Amino acid sequence: MSEELLNLTLHVWRQDGPNDPGRFETHQANGISTHMSFLEMLDVVNEDLIEKGKSPIAFDHDCREGICGSCGMVINGVAHGPQKLTTCCQLHMRQFKSGDEIWLEPWRASGFPVVKDLIVDRSALDRIIQAGGYISIRTGSASEANEMPIAKAIADHAMDAAECIGCGACVAACPNASASLFTAAKISHLSLLPQGQAERQDRARKMVAQMDAEGFGGCTNHGECEAACPKGVSLQWIARMNRELVRAVVSSDSGV
Amino acid sequence: MQLRSNEPTGPIEHRWDKHKESSKLVAPANRRNYSIIVVGSGLAGGAAAASLGEMGYNVKCFCYQDSPRRAHSIAAQGGINAAKNYQNDGDSIFRLFYDTVKGGDFRSRESNVYRLAQLSVSIIDQAVAQGVPFAREYGGLLANRSFGGAQVSRTFYARGQTGQQLLLGAYQALSRQIEEGTVEMMPRTEMLDLIVHDGRARGIVTRCMTTGKVSPHIADMVVLCTGGYGNVFYLSTNAKGCNCMAAWRAHRHGAAFANPCFTQIHPTCIPQSGSYQSKLTLMSESLRNDGRVWVPRNKEDVTKRPEDIPEKDRYYYLEERYPAFGNLVPRDVASRNALYVTNEGLGVGLEVDGERRGVYLDFGDAINRLGEQTIRERYGNLFEMYERIAGESPYETPMRIYPATHYTMGGLWVDYNLQTTIPGLFSGGEANFSDHGANRLGASALMQGLADGYFVLPFTIGNYLGEVRTLPALAEDHPNVTKAVGAVEERIHRLMNAPEPKHAPEYFHRKLGRIIWTKCGMSRNKEGLEEALREIPKLREQFWREVKVMGSGSELNQTLERAGRVADFFELGELMCIDALEREESCGGHFREEHEENGEALRDDEGFTYVSAWEWTGNPGDPRLHKEPLTFEYVKPSKRSYK
């Protein structure tokens, strides 16, 4: 519980808009409590900037408890920063030492154009889901929930894949800027479940095609995505996605 | 203003069916001719937009986040109730209805609550069909747990991420409709005003949060599923962006706001660690099953390490004051007592603004009794989360907890159809006041959001459109539209150009939150509320004079976004205090110190069995009260006692 105060130097990527050139700007953050979260540290810096009449640093954030997936920035070269399995909103300043220099950058990927400063446009991930990341079931047409038992191991496995929060850290961490882990997690979640069988092949084909169309790179098994993922989503899903895709491609169009 | 609940009559179990049978429908081929605006993409808004899209309506859905998947429903941990009775422990629709009415301390509408309990069953079916990976038993059937002191196991859950999984289910259904073209999704777009034409809600004015462009959107009707107003306290468990603007703008156009003083405080959150704190994090209430709550008996001990305080000097205040329930007393009782002991100067942990607001939640005994392994299995992920935030291991030293605002039961007044007092304006989820009365039961927020979104709104909206049939066209250059757009632009201009700009919006928000939290929080009295009502208008005036927003309105400007939200919290906060002052009783989350008996809440059924619906009069300090009387035919009001 002991509190320490840190003096830090921040080098922050500032960019006015998608078509403007970016630059690093240096700010001092002094008297930062080790109990602060990383984003609270930025709040303090921003409030100070506003009082001084300067433009505050734009960054995405919302729930600040690691589940909404809004926040995301590259901190000293690492997506979400130095603490494993932790989004940057849950990262606390006790992970840093006084005198540290901290470099802050947005997610960098051609699929994620910069909107402003540390904010990027991640709508490509939404479009991958729109391409087929669902089970088509009209409201009101579901049958009794316990009619179809699902083995606990399968349900748990599907839940492991479903943990993805869509923050995009996997893309930012990948040398190829691939969205494979994100896409694979959803394909796996739904293809593991009996409810997801009817659209299984179509889904894999469409989602992978959309991922490619968005300009994300391919997977070459670096494993950086899994290492950066704040939810520990496993690389194994990418292998599963590849199997699903092969299965979909070699079967006929109707999927039978 | 007239409050007509429009609830059907007759036996309660047939009311919803009866209502549906007598309602108007819109033929499938006609639906695409109707345009519907849905604001918010959480469980209520996302589910409503998806379902309306599936039916063939022409839907536009708006959210302030960069993706509909990020709405704050996602943060719900515990679970969702449903009267499936899978555990064969005597649960039923009636029992869930009964528990919800009683839990709401007899301040909700019976017909609405019964419908909620009925629909709970279909929600689980729908979510499972969508692929929501609920916890299962080894036999493959759905698992349940007992939650929040319920005497049956009716809560369905997906690890500690039930809200996330249910929201992703709704988001995926919504994504399918976006792909099919029935729903147009407008993320990073904030509603700044409502367009009312001929007495009906006909559209909204929005600001694109990336370009700053202000535009009107015209439709045949508007649905607000914009969440609660817990951030009026500044510190709450809500997401930072959660705000009351959409609901408040509607209120200013004539939508009554109901029971604003009914707010829920959750007893087990991680205490504030400094004045810079931006939000509070909730820890699951299940921790109280094994943790013992205490503070030092002597003020001198509050700065000591808890390990150094001998057993005889520890004050297990819940166990001593409530021997029957001990650490498991309901949320409001646990919260209030934490306030009282810290008021006495017995609070522990970090000093913030001269106060120590924390109590211990100690697992020492449980670890000795059950072993660390068992505790790790039960609470491992929670302990890990605590350690990440607080920097201490609960295996080694007691956790520190303190109550925080978690949910707001009050909201836009709606009738049985979830229609507000403005025709054509509907509201679902936490944004309306409808189902939880003065207090919400655990695992019921997800249930209500989805019931409203999947099953109530799609139907009652059809009824509304079937009744109005055709609405006159409204052009974007109609004076009612240009006036609304002009008003929004004017307001942005005012926020950007305060006469003596000094402080960021947070500066004012923190001050406002402090007033509301201390005077209209866990424990309220006349004197404090009147004081708040003197302080808030002064602070609001200072805000409009000194708020400082850098940059321009025609770009991404997060400070401007926050300033607009804080401005509305000022007015809502004032209404909360007015409502709390008017309600001379203690019920649910509303505890008036003048109305208690041996420390227990004293409800006044004769005087206050009504919904307080407030009408905007143009002066935030002088709203007009309308009362919707409540009748209880099925659940007889009884007194809560935990002694």
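Residues numbered from 1 in each chain as written. Chains lettered and ligands numbered in written order. Predicted model: local features only at pLDDT ≥ 70, side-chain atom pairs only at ≥ 80, totals over all residues.

Asker: Would you mind going over the overall build of chain A with me for this structure?
Answerer: Per the secondary structure count, chain A includes eight helices and seven strands. Reported as C-alpha extents along the three principal axes, the dimensions of chain A are approximately 65 × 45 × 35 Å. Within chain A, buried positions represent 54% of all 256 residues. Nonlocal contacts in chain A, meaning residues at least 24 apart in sequence, comprise 71% of its contacts between residues at least 6 apart. (Helix = DSSP H or I, 4+ residues; strand = E, 2+ residues; numbered from the N terminus. Buried ≥ 20, exposed ≤ 12 C-beta atoms within 10 Å, placed from the backbone. Contact = placed C-beta atoms within 7 Å.)

Asker: Hey, could you run me through the overall build of chain B in this one?
Answerer: From N to C terminus, chain B includes 17 helices and 23 strands. A globule of 643 residues ought to have a C-alpha radius of gyration of about 26 Å, and chain B, at 24 Å, matches this closely. Out of the 643 residues in chain B, the part that is buried amounts to 59%. Taking as baseline every contact in chain B between residues at least 6 positions apart, the subset at least 24 positions apart corresponds to 73%. (Rg over C-alpha atoms; globule rule 2.2 N^0.38 Å.)

Asker: I keep staring at the interface of chain B and chain A and nothing clicks. Help me out?
Answerer: Often, the extent of an interface is quoted as the loss of accessible area upon association of its parts. Opposite the 65 residues of chain B that make contact, chain A presents 65 residues. Here the element with the most residues in the side of chain B that touches chain A is helix 6 (residues 162–180) of chain B; it accounts for nine residues. Each residue belonging to the side of chain B that touches chain A can be placed in one class, and the counts come to 23 nonpolar, 26 polar and 16 charged. (Nonpolar A, V, L, I, M, F, W, Y, C, P; charged D, E, K, R; others polar.)

Asker: Is there a simple way to think about the sheet that holds strand 6 (residues 189–197) of chain B in this case?
Answerer: Backbone-to-backbone hydrogen bonds pair the strands of a sheet. The strands run either parallel or antiparallel. Residues and elements named next belong to chain B. The strand order across the open sheet built from three strands is 6-7-8, with neighbouring strands paired in antiparallel fashion. Looking at strand neighbours, the two that pair on one side only are strand 6 and strand 8 (214–218), the edges of this open sheet. Geometrically, the sheet is characterised by an average inter-axis angle of 30 degrees between neighbouring strands, direction not taken into account. Taken together, the eight bridges between strand 6 and strand 7 (residues 200–208) define a ladder with antiparallel strand orientation. (Pairing = 2+ DSSP bridges. Axes fitted to C-alpha atoms, helices over the stretch in contact; angles between N-to-C directions.)

Asker: Help me understand the nonpolar core, please; the structure alone is not making it clear to me.
Answerer: Grouped burial of nonpolar side chains is what soluble globular proteins tend to show. With 276 residues, the main nonpolar core has Val171(A), Ile36(B), Val223(B), Leu224(B) and Leu412(B) as its most contacted residues. Excluding its chain neighbours within four sequence positions, the residues that come into contact with Leu224(B) are Val39(B), Gly40(B), Ala246(B), Ala247(B), Ala250(B), Leu412(B), Leu425(B), Ser427(B) and Ala431(B). (Core = buried A, V, L, I, M, F, W, Y, C linked by C-beta atoms within 7 Å.)

Asker: Looking at this model, I keep getting lost on the domain arrangement of chain B. Mind explaining?
Answerer: Residues and elements named next belong to chain B. Here chain B is described as being made up of domain 1 (265–405) and domain 2 (486–605). Between the C-alpha centres of domain 1 and domain 2 the distance comes to 29 Å. Between domain 1 and domain 2, the contact holds six residues from the first and six residues from the second. Per-element tally for the side of domain 1 that touches domain 2: the top contributor is helix 9 (residues 331–343), with four residues. (Domains from an automatic or database assignment.)

Asker: I keep staring at the environment of Ile422(B) and nothing clicks. Help me out?
Answerer: Residue and element names in this part refer to chain B. With respect to the element layout, Ile422 can be found in the loop between strand 18 (411–412) and strand 19 (425–427). Residue class for Ile422 comes out buried when judged on the 21 C-beta atoms lying within 10 Å of it. For the pair formed by Ile422 and Ala255, sequence separation is 167 residues and the distance between their alpha carbons is 5.5 Å. Not counting chain neighbours up to four residues away, the residues in contact with Ile422 comprise Val196, Ala201, Ala250, His253, Gly254 and Ala255.

Asker: Whenever I open this one, helix 14 (residues 505–519) of chain B confuses me. Can you help?
Answerer: Residues three or four positions apart in an α-helix share a direction because the helix packs 3.6 residues into each turn. Compared with the 21 Å implied by 1.5 Å per residue over 15 residues, the 21 Å span of helix 14 of chain B between its first and last C-alpha is a close match. Among the structural elements, helix 1 (38–51) of chain A together with helix 15 (526–546) and helix 16 (558–582) of chain B are those in contact with the buried residues of helix 14 of chain B. (Expected span 1.5 Å × (residues − 1).)

Asker: How should the domain arrangement of chain A be read in this particular structure?
Answerer: All names here are of chain A. Structurally, chain A comprises domain 1 (5–116) and domain 2 (123–250). Computed from C-alpha coordinates alone, the two centres of domain 1 and domain 2 are separated by 29 Å. Tallying the contact residues gives 17 residues for domain 1 and 17 residues for domain 2. In the side of domain 1 that touches domain 2, the residues fall into eight nonpolar, eight polar and one charged.

Asker: Whenever I open this one, the sheet that holds strand 18 of chain B confuses me. Can you help?
Answerer: Residue and element names in this part refer to chain B. Taken together, four strands build an open sheet; the order of strands is 18-10-22-23 and the sheet is antiparallel. The two strands at the open ends of the sheet, each matched to only one other strand, are strand 18 and strand 23 (624–629). When strand 10 (residues 257–258) meets strand 22 (residues 610–615), the two strands line up antiparallel, connected through two bridges. Counted as the bridge partner of Ala258 is Ala613 from strand 22. With respect to the sheet, helix 16 is in contact with strand 10, strand 22 and strand 23, its orientation differing from that of strand 22 by roughly 145 degrees.

Asker: Looking at this structure, how should I read unusual backbone geometry?
Answerer: Negative phi values dominate among residues other than glycine, just as trans dominates among peptide bonds. We note that Asp117(A) has phi near 45 degrees; this positive angle belongs to a residue other than glycine. Note that Asp117(A) resides in the loop between strand 6 (114–116) and strand 7 (119–120).

Asker: I'm lost on the packing of helix 5 (residues 110–130) of chain B against helix 12 (residues 445–468) of chain B in this one. Help?
Answerer: For any two helices packed against each other, one specifies the inter-axial angle together with the distance between the axes. Residues and elements named next belong to chain B. Direction vectors running N to C along helix 5 and helix 12 enclose 80 degrees, while the axes themselves pass 9 Å from each other. When the interaxial angle is binned, helix 5 and helix 12 end up roughly perpendicular. Judged by residue contacts, Leu116, Leu119, Ser120, Ser122, Ile123 and Gln126 of helix 5 engage Met447, Gln448, Leu450, Ala451, Tyr454 and Phe455 from helix 12. Per-class residue counts for the contact of helix 5 with helix 12 are eight nonpolar, four polar and no charged. (Parallel < 35°, antiparallel > 145°, perpendicular 65-115°, else oblique.)

Asker: Got a minute to help me understand the pairing of strand 16 (residues 359–362) of chain B in this structure?
Answerer: Look at any regular strand and the pattern is simple: side chains alternate between the two faces of the sheet. Residue and element names in this part refer to chain B. Of the two faces of strand 16, the one holding Val359 and Leu361 and the one holding Tyr360 and Asp362 are both buried throughout. In the sheet, strand 16 pairs with strand 17 (residues 399–408) via three bridges, with the strands oriented antiparallel. Bridging across to strand 17, Leu361 finds its partner in Met399.

Asker: Which parts of the structure should I look at to understand helix 4 (residues 93–103) of chain B?
Answerer: Residues and elements named next belong to chain B. Within the span of helix 4, buried status applies to Ile93, Leu96, Phe97, Asp99, Thr100, Val101 and Gly103. Close packing links the buried residues of helix 4 with strand 3 (80–81) and helix 5. One or two residues past the end of helix 4 sits Asp105, with phi positive at roughly 55 degrees.

Asker: What am I meant to see in the packing of helix 2 (residues 123–130) of chain A against helix 6 of chain B here?
Answerer: Contact pair helix 2 of chain A / helix 6 of chain B: the axes reach a minimum separation of 8 Å and the direction vectors enclose 85 degrees. The orientation of helix 2 of chain A with respect to helix 6 of chain B, classified from their angle, is roughly perpendicular. On helix 6 of chain B, the residues that touch Asp126(A), Ile129(A) and Gln130(A) of helix 2 of chain A are Gln172(B), Ser175(B), Ile178(B) and Glu179(B). For the contact of helix 2 of chain A with helix 6 of chain B, the residue count by class is two nonpolar, three polar and two charged.

Asker: What is the right way to look at the environment of Ala198(A) in this model?
Answerer: All names here are of chain A. In this fold, Ala198 is placed in the loop between helix 5 (180–192) and helix 6 (200–213). Taking the number of C-beta atoms within 10 Å as the measure of exposure, Ala198 has 13 and is therefore partly exposed. Considered as a pair, Ala198 and Glu101 are 97 residues apart in the sequence and their alpha carbons are 52 Å apart.

Asker: Before we go on, may I ask you to explain the environment of Pro629(B) in this structure?
Answerer: All names here are of chain B. Relative to the elements of secondary structure, Pro629 occurs in strand 23. According to the C-beta neighbour criterion, Pro629 is exposed, with 9 such atoms within 10 Å. Apart from residues lying up to four places away in sequence, Pro629 is in contact with Thr609 and Tyr610.

Asker: What's the story with the confidence of the model for chain B in this structure? I'm lost.
Answerer: The predicted coordinates of low-pLDDT regions are not to be read in fine detail. Residue-level pLDDT values for chain B average 96, and 100% of them are 70 or greater. The ipTM, which scores confidence in the relative placement of chains, is 0.98 for this predicted complex, and the corresponding pTM is 0.98. (pLDDT = per-residue confidence, 0-100.)

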